[in-house]
Amino acid sequence: VQLQASGGGLVQTGGSLRLSCAASERTFSNYAMGWYRVAPGKEREFVAGINWSGGNTYHVDSVKGRFTISRDNAKNTVYLQMNSLKPEDTAVYYCAASDHPRIGAVIAPGGIRYWGRGTLVTVSS
């Protein structure tokens, strides 16, 4: 079981990036998924989560209105559209999946069953 994240890079303040996370198995369409990040010198932080169907999403306050999580179950892929990026968004971003359909399962790290490799997002000022 693998989660492959991509889409990171270097962008200027105010720019946009879209992260993608492709799951290797079709069963991930049954699970809630999310994005976490680790900024330099900081603890891992939950960023956004989405339930199995995509009908319920949650974003932390620091990204609300700027980031949008979505999924395409036909492609076994979850996305994080990041707009109006700020230097404080600089971090390694990780996608994550639970083995439960509800969004609550991905909000706390203890509910995560699978982690993907990180993708680095750098926002220059």
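Refer to the preceding data block for the structure.
Residues numbered from 1 in each chain as written. Predicted model: local features only at pLDDT ≥ 70, side-chain atom pairs only at ≥ 80, totals over all residues. Heavy atoms only, no water.

### Thoughts on the packing of aromatic side chains
Working definition: an aromatic ring pair is given by the centre-to-centre distance plus the angle between the planes. Taken as a whole and assessed by the stated rule, the structure comprises 5 aromatic pairs. Look at F28 and Y31: their rings are 5.8 Å apart centre to centre, the planes differ by 85°, and that puts the pair in the edge-to-face class. Ring geometry for F46 versus Y58: centroids 6.1 Å apart, planes at 15°, classification stacked. Residue F46 is found in strand β5 (residues 44-50), and its partner Y58 is found in strand β6 (residues 57-59); the two are separated by 12 residues along the sequence. The partly exposed category is assigned to Y58, whose relative accessible area is 37%. Following the ring pairs from residue to residue traces out a cluster consisting of Y36, F46, Y58 and W115. (Phe/Tyr/Trp six-rings, centres within 6.5 Å; stacked < 30°, edge-to-face > 60°. Helix = DSSP H or I, 4+ residues; strand = E, 2+ residues; numbered from the N terminus. Buried < 20%, exposed > 50% of the residue type's maximum accessible area, 1.4 Å probe, protein only.)

### Quick word on the state of the cysteines
In this structure the tally under the stated criterion is 1 disulfide. The disulfide partner of C21 is C95, and the gap between their sulfur atoms is 2.1 Å. Handedness here is read from the sign of the S-S torsion; for C21 and C95, about 50°, the answer is right-handed. Here the residue C21 occupies a position in strand β3 (residues 17-23), and C95 occupies one in strand β9 (residues 91-97), the gap between them amounting to 74 residues. Judged on exposure class, the residue C21 and its partner C95 are both buried. (Disulfide = S-S within 2.5 Å.)

### A short note on the nonpolar core
By size, the foremost hydrophobic cluster in this structure holds 35 residues, and its most contacted members are L3, W35, V47, F67, L80, M82 and Y93. Elements with a minimum of two residues in this core: β1 (3-6), β3, β4 (33-38), β5, β7 (67-72), β8 (77-82), β9 and β11 (119-124). (Core = buried A, V, L, I, M, F, W, Y, C linked by side-chain atoms within 4.5 Å.)

### Details of the pairing of β4
Burial runs high along β4: 5 of the 6 residues are buried. Strand direction decides the pairing type here: β4 and β5, joined by 6 bridges, are antiparallel. Bridged to V38 within β5 is R44. Between β4 and β5, which pair antiparallel one after the other, the connecting turn spans 5 residues, and G41 there sits at a positive phi close to 75°. Where β4 and β9 come together, 6 bridges link them in antiparallel fashion. Looking at β9, one finds that V38 is bridged to V92. (Pairing = 2+ DSSP bridges.)

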